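A look at the structure
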Amino acid sequence: MLKAYIDDSGVGQHPVYVLAGFVASAREWAPFSDAWDRVLWMSPRIRYFKMSEAMGLNGEFLGISPERRDEKLRLLVNAIECHRLYGVSIAIPHFIFENLFKGRLTKPMNSPYFYAFYGIIGHIFMILSGRGVTDRLDLYFDKQVEHADKILPAWDHFVELAPQHIRGMIGNPPNFLDDKDFVALQAADLHAWWTRHQYEAQSRGAPDPVPPWGDGGKKIETAGFLWTPEFAEGLHEKLFGARPVRVTWTFEYPWGPKFS
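What you see is a predicted model; the values in this text were computed from it and never measured.

**As for the packing of aromatic side chains**
What characterises a pair of aromatic rings is the spacing of the ring centres plus the angle enclosed by the ring planes. Taken as a whole, this structure holds 24 aromatic pairs when the rule is applied. A centroid spacing of 4.9 Å and a plane angle of 80° characterise the contact between Phe-117 and Tyr-118, whose relative ring orientation is edge-to-face. Just as Phe-117 is buried, Tyr-118 falls in that class too. On the numbers, 5.0 Å between centres and 85° between planes, the contact of Phe-225 with Phe-231 is edge-to-face.

**Structural notes on the environment of Gly-122**
Mapped onto the secondary structure, Gly-122 falls in helix H5 (residues 112-130). For Gly-122, a relative accessible area of 25% corresponds to the partly exposed category.

**With respect to the sheet that holds strand E5 (residues 175-177)**
Read across the open sheet, the 6 strands follow the order E5-E4-E1-E2-E3-E6; overall the sheet is mixed. Looking at which strands have only one partner, the edges of the open sheet turn out to be E5 and strand E6 (222-226). Neighbour to neighbour, the strand axes of the sheet diverge by 25° on average, direction disregarded. With 5 bridges connecting them, strand E1 (residues 2-9) and strand E4 (residues 137-142) associate as parallel partners. Note that in E4 the partner of Ala-4 across the bridge is Leu-139. Where H5 meets the sheet, it contacts E1, strand E2 (16-25), strand E3 (86-93), E4, E5 and E6, and its direction lies at approximately 140° from that of E3. On top of the sheet, helix H9 (residues 183-203) reaches E1, E2, E3, E4, E5 and E6; it is set at about 140° to E2, its chief contact.

**Overview of helix H3 (residues 66-82)**
Here H3 is 17 residues long and its end C-alpha atoms lie 24 Å apart, about the 24 Å a rise of 1.5 Å per residue gives. Taken together, the buried positions of H3 are Arg-69, Asp-70, Lys-72, Leu-73, Leu-76, Val-77, Ala-79 and Ile-80. On its buried side, H3 packs onto E2, helix H1 (26-41), helix H2 (51-56) and H9. Positive phi appears at Arg-84, one or two residues downstream of H3, with a value of about 55°.

**A closer look at H1**
In this model, H1 (16 residues) spans 23 Å end to end at C-alpha, consistent with the 22 Å of a helix rising 1.5 Å per residue. Taken together, the buried residues of H1 touch E1, E2, H3 and H9.

**With respect to the environment of Asp-156**
By secondary structure assignment, the location of Asp-156 is in helix H7 (residues 155-161). Once the C-alpha coordinates of Asp-156 and Pro-173 are considered, the two residues, 17 residues apart in sequence, prove to be 8.6 Å apart.

**Structural notes on the side chain of His-236**
The topology assignment puts His-236 in helix H10 (residues 229-240). On the basis of relative accessibility, which here comes to 6%, the residue His-236 falls in the buried class. In this structure, His-236 is in contact with Leu-100, Phe-101, Arg-104, Gly-241, Ala-242, Arg-243 and Pro-244, ignoring residues within four places of it in sequence.

**A closer look at the pattern of salt bridges**
Within the structure shown, the criterion is met by 8 salt bridges. One salt bridge in this structure joins Arg-69 and Asp-70, with 2.5 Å as the shortest N-O distance.

**Remarks on the side chain of Asp-142**
As for its placement among the helices and strands, Asp-142 is situated in strand E4. Buried and unpaired, Asp-142 has no salt bridge, with Lys-50 as the nearest side chain of opposite charge at 5.2 Å. Each residue touching Asp-142, except ones within four places of it in the same chain, is listed here: Ile-6, Asp-7, Asp-8, Phe-176, Leu-177, Asp-178, Asp-179 and Leu-185.

**Observations regarding the confidence of the model for the chain**
Do not read the predicted coordinates in detail wherever pLDDT is low. When the pLDDT values of the chain are averaged, the result is 88; 90% of them are 70 or greater. Averaged pLDDT values over the elements of the chain bottom out at 69 in helix H6 (residues 145-151) and peak at 97 in H3. Taken as a whole, residues 247-260 scores under 50 in pLDDT and shows 39 contacts with residues more than four places along the chain or in a different chain.

**Examining the packing of H1 against H9**
The description of two helices packed together rests on the angle between their axes and the distance between the axes. At their nearest, the axes of H1 and H9 sit 9 Å apart, and the two run at 75° to each other. By the angle class used here, H1 and H9 are roughly perpendicular. When H1 is examined against H9, the residues Trp-29, Phe-32, Ser-33, Trp-36, Asp-37 and Leu-40 are found in contact with a partner set consisting of Val-183, Ala-184, Gln-186, Ala-187 and Leu-190. For the contact of H1 with H9, a count of residues per class yields 8 nonpolar, 2 polar and 1 charged.

Conventions and cut-offs
- Residues numbered from 1 in each chain as written.
- Predicted model: local features only at pLDDT ≥ 70, side-chain atom pairs only at ≥ 80, totals over all residues.
- Heavy atoms only, no water.
- Phe/Tyr/Trp six-rings, centres within 6.5 Å; stacked < 30°, edge-to-face > 60°.
- Buried < 20%, exposed > 50% of the residue type's maximum accessible area, 1.4 Å probe, protein only.
- Helix = DSSP H or I, 4+ residues; strand = E, 2+ residues; numbered from the N terminus.
- Pairing = 2+ DSSP bridges.
- Axes fitted to C-alpha atoms, helices over the stretch in contact; angles between N-to-C directions.
- Contact = heavy atoms within 4.5 Å.
- Expected span 1.5 Å × (residues − 1).
- Salt bridge = Lys/Arg side-chain N within 4 Å of Asp/Glu carboxyl O.
- Lys, Arg positive; Asp, Glu negative; His and termini not counted.
- pLDDT = per-residue confidence, 0-100.
- Parallel < 35°, antiparallel > 145°, perpendicular 65-115°, else oblique.
- Nonpolar A, V, L, I, M, F, W, Y, C, P; charged D, E, K, R; others polar.

In structure tokens:
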């Protein structure tokens, strides 16, 4: 049995919506959780990890120096690397969603979270299938009650549309958990924050950011899926029966043109 833990970053904010996390076997998650907990308990002790608090030096990181913060980050990233967690992410540029999809569909599908949620699930299954993995997968997301009520009714339809070889890999319906209680979701929070931070730098034309944990984590395998204009056009055609017409061309973000 495989388990994936996913968290969001910037779902309601510019310039990009992100869902990201890690996939591993159940037997890997248990020792990883122990290792993560040990780092949390190391001085300076924190009760839980949240990347925004770490970078803002507030919440659990209030009173901790940047140097001690970075050391704890290095140890946490090392725990991810040593336990062979596989990183996954999906990113939806704000301008693509706003110009092509917002306000054009029913309320549950009028949120980028809906597309990112089912998009990352499909992305994970495609990765596993491509690597020859046939194990069943259970999915766990950070607790988003308002989102769960809107998107889970579409779960059965998602399963019905899945290819036969993928359908056999689908485990239980997704669960929504509190990241303060599940350290796997805290790791997902770190990955989601950093993924979004990288895209934000790209949107400004800034150099790639340097991770605060230094050179660690380079052996962590990751696979990200970025909505390109071409992908969004194809999805638009499937949903509405026609490809959108490009009437303006602007490099608002480096990922492609702005549609209208």
